[in-house]
Amino acid sequence: MTELVIGADGRARCGWGASTPDYAVYHDTEWGRPLHGDDALYERMTLEAFQSGLSWLTILRKRPAFRLAFDDFQIATVAGYGEAEVGRLLADAGIVRNRAKIEAAIANARAALELPEGLSALLWSFAPAPGRGRPASHAAVPALTDASTAMARALKRRGFRFVGPTTAYALMQATGMVDDHVVGCHVVTPGTGVMG
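The structure contained in this document is the topic of the report that follows. (Residues numbered from 1 in each chain as written. Predicted model: local features only at pLDDT ≥ 70, side-chain atom pairs only at ≥ 80, totals over all residues. Heavy atoms only, no water.)

### Some remarks on the side chain of E43
In this structure, E43 sits in helix α2 (residues 38-51). Accessibility expressed as a relative area gives 10% for E43, which makes it buried. Excluding residues that lie within four positions of it along the chain, E43 makes contacts with R63, R67 and F73. (Helix = DSSP H or I, 4+ residues; strand = E, 2+ residues; numbered from the N terminus. Buried < 20%, exposed > 50% of the residue type's maximum accessible area, 1.4 Å probe, protein only. Contact = heavy atoms within 4.5 Å.)

### Quick look at the layout of surface pockets
Of the voids in this model, the largest pocket is the one considered here, and its volume is about 530 Å³. The wall of the largest pocket is formed by 23 residues, among which W31, W56, H138, A170 and Q173 lie closest to the centre. Put simply, the parts of the chain that give the lining of the largest pocket at least two residues each are α1 (21-29), α2 and α9 (165-174). Of the residues assigned to the lining of the largest pocket, the class counts are 14 nonpolar, 7 polar and 2 charged. (1 Å grid on protein atoms, 1.4 Å probe; cavity = no way out; pocket = protein on both sides within 12 Å on 5 of 7 lines; lining within 4 Å. Points joined across faces, edges and corners; volume = space filled by probe spheres on them. Nonpolar A, V, L, I, M, F, W, Y, C, P; charged D, E, K, R; others polar.)

### Let's talk about the environment of R110
Inspection of the secondary structure puts R110 in helix α6 (residues 99-113). A residue is classified by how much of its surface remains accessible, and R110, at 39% relative accessible area, is partly exposed. When the C-alpha positions of R110 and Y42 are compared, they lie 11 Å apart, and in sequence the two are 68 residues distant. Leaving out residues up to four positions away in the same chain, R110 has contacts with A79 and Y81. Separated by 2.5 Å, the side chain of R110 and the backbone oxygen of Y81 make a polar contact. (Polar contact = N/O pair within 3.5 Å; in protein donor to acceptor, adjacent residues only side chain to side chain.)

### Things to note about the packing of helix α5 (residues 83-90) against α6
Where α5 contacts α6, the two axes come as close as 10 Å, and the packing angle between them is 135 degrees. Relative to α6, α5 is oriented oblique. For the pair α5 and α6, the crossing hand works out as right-handed. Facing α5, whose interface residues are E83, V86, L89 and L90, α6 presents R99, I102, E103 and I106. Across the contact of α5 with α6, the residue classes tally to 5 nonpolar, no polar and 3 charged. (Axes fitted to C-alpha atoms, helices over the stretch in contact; angles between N-to-C directions. Parallel < 35°, antiparallel > 145°, perpendicular 65-115°, else oblique. Left-handed = near helix turned anticlockwise from the far one by under 90°.)

In structure tokens form, the structure reads like this:
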């Protein structure tokens, strides 16, 4: 993959961010930008878990259906789901119909409700200090880090499922806890660190 691609708009983007129009919008407007809020981070955590073993593009394109199916990822609402909702979700062709991941999403909402500090505060407690430089190449970006491993362990201890170190690092990248846009990319993400 080319590290940087110059788009028709003259802007340099990470190579993956220029590979499809869907990725370009996601790259330019969301990925790597700091995101806070329990429900917002629960959505991203859930989608990263559903992505496991699949292309992120598949999940990105199904995101509107996921939002509809999971009541806009409102933690309190999803935490109340029972067998009827599991059955409804398993029948919904608009989302990824994987029982283990659906049940994990519900269990994770219940676990999130139990966090005294809230999900956002817990997740952001693992973000590295800001000010580190961006990676020079995509090859320099790790699949997991000590921080993502610690995050995954902390989540598991609190009853979360389907959030291992690699998924945790993808969540950190997507929500701006780290800035893994490569050097020269036009996206500005102030206040984030790199490769925690």
